[in-house]
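# Working through the structure, step by step
Here is how the chains run, residue by residue.
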Amino acid sequence: MLEKITIQKSCTIEQHRIVVDDMLVWSSATDMPFSDFAKDAFHHLDIDYPKFYKMDALSKLAFLAAEYILRGEDKDELALVLANKSGSLDTDIKHQESIQDTENYYPRPATFVYTLANICAGEISIRHGLQTENAFFIAEEFPEETIFAYADYLLQSNKAKRVLCGWVEYFQEDYRALFYIF
Amino acid sequence: MTFDPIYIHGMNCVTPLGMDLLSNWTQLLMGNGGIIRHDVGRIKNSYVAKFISEEAAGLLTPVQDSTLLERMLFTAAKPIASKYVLTPRTALVLSTTKGNVSLLQDGRMADAQLNVLANKMAEALGFQTQPIVVSHACVSGLLALSVAKRLIQIGQYDDAVVLAGDVVSEFVVSGFQAFQAMSPFPCKPFDKDRAGVSLGEAAACVYVSKEKGEFKILGEAAINDANHISGPSRTGEGLVQSVLRAGREASIDIKDIDFISAHGTATLYNDEMEAVAFHRLGLQDVPIHSLKGYYGHTLGASGLLETVIALKAMQEEVLLPTLGFEELGVSQPVNIIREAGYRPLTRLLKTASGFGGSNAAMLVERCG
């Protein structure tokens, strides 16, 4: 029943380079930390969205990939299907550090809320008004077959008109985003 | 296009109330809840539903040095995985929010990864396919069931075992405390004195396939609020849309259901949001329960655990009351079940909502 789904657009963010449909749209020196790269790439978008600064690194990465791929796109009934390897482990470790030491115990809601992998999908949904189907998967590598089959189901069942899907992984400065629109 | 329907066959659960579905059911009929005062790591006196060590001794052990979560998952899944033939086209869909996150205490970062947990379970249970992990906050358990249904319908698999589990950890309790979301007494869903969640730990498991069985999944959907990452939507829009779309797939009038197994975490805003959503949907007269008063909020397990209990309730024709509920404390009238009722139950609406603006809804019919 699986039909061949067509990739309409793609966006890759890795090694401090942002590529949309094989076009380099932004790059920074590779020796800067991810947080500086993300800030510069955000400023390049020239949008007013102060919530960006409060996000953890995974959500910043997901936000940027979504922002660059969705420019000029129709977002009506656009479902969101994402996956990664480390879940929210990068922020999990920050929360764990805040409770590890009894003498220095300071768990913060602003950190804890990002200890769920799907929060980055929530951030994209809020920014783009996607009151649509949402799912977050964890896998060792991009589970292309599962994600594409799932996206195909959403399209064939009319549960979505289009699907934004892909991989968004961040762990301790190692990162990669690969987004597609079907 | 329309797809072949998917059916739920075997089911099981492991909770502090019992090591299998039958023992859980007996406790529920007696009105017993599992939430008591515990120390969780260094956090003293939290109301949680947690295994005590003597109870945990009864859990099966998949491999040496298994964590409590691994033993719970294995104990829940073993009878199911043994009953059905696991072929190269049988999926394992695992739902968890935090998995073995407590391993971070000892610096075991690699072991805390959710796919490490999934691979361990798949191997111990004898699956031939790569496990699929759904980690979508508090809707994970119900969404995992939808994911299995969808992937079978699109032809990726013939059948699937859906397994869900989470444990009560210092990691999670400290976070909910920081949010000031932990109830100072066993949680009271939909009650006027409700004051937050009680956390719980559980594992649940079901087997689904295209083969005709006792329970048919009529329709399901999982729609985001696109409103706030941690606060429920004031209008309940995502939940309303999830239920409407589940109803559209089912081709039934959504009012034509016998009961609702709600999310009902007992936080002020969640229960209010659900009441608003159910009212908007015209479901204010349908009997509703939340099982959080028995099990606490079991995070990634809750959606599947509560579905398993609701299906059992349909088999036994019992409407379970909402433990902890006394007086309605939401702005819209809804029909919260106070006392056990006995009547034929044919159709269930199960819902869940969670952080990240997530919602899920599923309609299930008992085929007799």
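Notes on the structure follow.

Reading guide: rules and limits
Residues numbered from 1 in each chain as written. Chains lettered and ligands numbered in written order. Predicted model: local features only at pLDDT ≥ 70, side-chain atom pairs only at ≥ 80, totals over all residues. Heavy atoms only, no water. Core = buried A, V, L, I, M, F, W, Y, C linked by side-chain atoms within 4.5 Å. Buried < 20%, exposed > 50% of the residue type's maximum accessible area, 1.4 Å probe, protein only. Helix = DSSP H or I, 4+ residues; strand = E, 2+ residues; numbered from the N terminus. Pairing = 2+ DSSP bridges. Contact = heavy atoms within 4.5 Å. Axes fitted to C-alpha atoms, helices over the stretch in contact; angles between N-to-C directions. Phe/Tyr/Trp six-rings, centres within 6.5 Å; stacked < 30°, edge-to-face > 60°. Buried area = accessible area lost by both parts, 1.4 Å probe. Salt bridge = Lys/Arg side-chain N within 4 Å of Asp/Glu carboxyl O. Polar contact = N/O pair within 3.5 Å; in protein donor to acceptor, adjacent residues only side chain to side chain. Parallel < 35°, antiparallel > 145°, perpendicular 65-115°, else oblique. Left-handed = near helix turned anticlockwise from the far one by under 90°. Nonpolar A, V, L, I, M, F, W, Y, C, P; charged D, E, K, R; others polar. Disulfide = S-S within 2.5 Å. Expected span 1.5 Å × (residues − 1).

### Overview of the nonpolar core
- Counting residues in each nonpolar core, the largest one holds 79 residues, and the members touching the most others are A:Ile13, A:Leu64, A:Leu82, A:Leu164, A:Val168, A:Phe179 and B:Leu163.
- Element by element, the count of residues in this core is highest for helix 2 (residues 57–70) of chain A, at 11 residues.
- Judged by nonpolar contacts, the second largest core, of 78 residues, contains A:Leu154, A:Phe182, B:Tyr157 and B:Ala202.

### Some words on the sheet that holds strand 2 (residues 36–40) of chain B
All names here are of chain B.
- Read from one edge to the other, the open sheet built from 3 strands follows the order 2-3-7, with strand pairing classed as mixed. Two strands lie at the open edges of the sheet, namely strand 2 and strand 7 (199–200), each paired on one side alone.
- Sheet topology places strand 3 (residues 43–49) next to strand 7; 2 bridges connect them, and they run parallel. Considered in strand 7, the bridge of Ala 49 is made with Gly 200.
- Seen against the sheet, helix 6 (residues 170–178) touches strand 2, strand 3 and strand 7 and runs at an angle of roughly 95° to strand 3.

### Observations regarding the packing of aromatic side chains
- With the rule as written, the count across this model stands at 24 aromatic pairs over all chains.
- Each ring, one from A:Phe112 and one from B:Phe176, has its centre 5.8 Å from the other, and the planes form 70°; the classification is edge-to-face. Placement of A:Phe112 in helix 4 (residues 109–112) and of B:Phe176 in helix 6 is noted, with the two residues assigned to different chains.
- Judged by centre distance (5.5 Å) and plane angle (50°), the ring pair of B:Phe179 and B:Phe355 falls under tilted. Within this pair, whereas B:Phe179 is found in the loop between helix 6 and strand 7, its partner B:Phe355 is found in the loop between strand 14 (347–354) and strand 15 (358–366), the two being separated by 176 residues in sequence.

### Section: the interface of chain B and chain A
- On the side of chain A, 56 residues touch chain B, which itself brings 56 residues to the contact.
- When chain B packs against chain A, the two sides together hide about 4,800 Å² of surface, and 59% of this comes from carbon and sulfur.
- Taken together, chain B and chain A are joined by 5 salt bridges.
- With a shortest N-O distance of 3.1 Å, B:Arg150 and A:Glu133 are connected by a salt bridge.
- Summed over the shared surface of chain B and chain A, the number is 26 residue pairs in polar contact (both at pLDDT 80 or more).
- Those elements that place two or more of their residues in the side of chain B that touches chain A are helix 4 (114–125), strand 5 (132–134), helix 5 (140–153), helix 6, strand 9 (215–221) and helix 7 (237–250) of chain B.
- At 8 residues, the largest contribution of residues to the side of chain B that touches chain A is made by helix 6 of chain B.
- In the sheet, strand 5 (residues 134–138) of chain A pairs with strand 5 of chain B via 2 bridges, with the strands oriented antiparallel.

### A short note on the packing of helix 1 (residues 34–45) of chain A against helix 2 of chain A
Residue and element names in this part refer to chain A.
- Where helix 1 meets helix 2, the closest approach of the two axes is 10 Å, and the angle between their N-to-C directions is 30°. Taken together, the axes of helix 1 and helix 2 are roughly parallel relative to one another. Crossing handedness for the pair helix 1 and helix 2: left-handed. For the pair helix 1 and helix 2, the contacting residues are Phe 34, Ala 38, Ala 41, Phe 42, His 44 and Leu 45 in the first and Ala 57, Lys 60, Leu 61, Phe 63, Leu 64, Glu 67 and Tyr 68 in the second.
- By residue class, the composition of the contact of helix 1 with helix 2 is 10 nonpolar, 1 polar and 2 charged.

### Notes on the state of the cysteines
All names here are of chain A.
- As enumerated under the stated definition, the model contains 0 disulfides over all chains in all.
- The cysteine Cys 11 is free of any disulfide, with Cys 165 supplying the nearest cysteine sulfur at 13 Å.
- With a relative accessible area of 0%, Cys 11 lands in the buried category.

### Quick notes on helix 7 of chain B
All names here are of chain B.
- Its 14 residues give helix 7 an end-to-end C-alpha distance of 20 Å, which sits within 8% of 20 Å, the value for a rise of 1.5 Å per residue.
- Burial analysis of helix 7 places 11 of its 14 residues in the buried class, the great majority of the element.
- The inward-facing, buried residues of helix 7 contact strand 9, helix 8 (268–280), strand 14 and strand 15.
- Once helix 7 finishes, Ser 251 follows within two positions and takes phi at roughly 55°, a positive value.

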